[in-house]
Amino acid sequence: QVQLVESGGGLVQAGDSLRLSCVASGRTFSWSTMGWFRQAPGKEREFVAALRWSAGSTYYADSVKGRFTISRDNAKNTMYLQMNSLKAEDTAVYYCAARIRLSDRLYYTDGYPYWGQGTQVTVSS
């Protein structure tokens, strides 16, 4: 059974940094794509960043470009999201997502069949 587990969320002040982790289990071969999405109260879930697992190509939402960095550790089957210069508007539940086959829908929630349970990030201003 495939399982994605996020960790690393918390309460921080504006300008601080956090690193989120997503550990994937239940598979013995690589994902094609993994991504981070977030959902603030009363808003739809939105794309944050994605990574093509084998090529290492990265993609970012404009709102986080230059502040967030997505990365992976193949040996640990883990994906990370380093978040710097956090802002109050970054407050949301952050979700890890993954898919097996390549798709051009990496910016969209329907492009990912596997999801974690989410981790809360709260940034106080």
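Above this note sits the structure.
Keep in mind that this is a model prediction, so the values were computed, not measured.

**Student:** Which parts of the structure should I look at to understand the nonpolar core?
**Tutor:** For soluble globular proteins, nonpolar side chains are generally found buried alongside one another. Ranked by internal contacts, the top residues of the largest apolar core, which has 35 residues, are Met 34, Trp 36, Leu 81, Met 83 and Tyr 94. With near-sequence residues (within four places) excluded, Leu 81 lies in contact with Leu 18, Arg 19, Leu 20, Trp 36, Val 48, Ala 49, Phe 68, Thr 69, Ile 70 and Tyr 94.

**Student:** Explain the pattern of salt bridges to me, please; I cannot follow it from the model alone.
**Tutor:** Note on pairing: side chains with opposite charge can pair once their charged atoms come close. Tallied over the full model, the rule gives five salt bridges. Note that Glu 46 is salt-bridged to Arg 38, the shortest N-O span being 2.7 Å. Judged by its relative accessible area of 5%, Arg 38 falls in the buried class. The partner of Asp 110 in a salt bridge is Arg 105, and the shortest N-O contact between them spans 2.8 Å. On the basis of relative accessible area, Asp 110 is assigned to the exposed category, the value being 53%. The class of Arg 105 is partly exposed, set by a relative accessible area of 33%.

About the thresholds
Residues numbered from 1 in each chain as written. Predicted model: local features only at pLDDT ≥ 70, side-chain atom pairs only at ≥ 80, totals over all residues. Heavy atoms only, no water. Core = buried A, V, L, I, M, F, W, Y, C linked by side-chain atoms within 4.5 Å. Buried < 20%, exposed > 50% of the residue type's maximum accessible area, 1.4 Å probe, protein only. Contact = heavy atoms within 4.5 Å. Salt bridge = Lys/Arg side-chain N within 4 Å of Asp/Glu carboxyl O.

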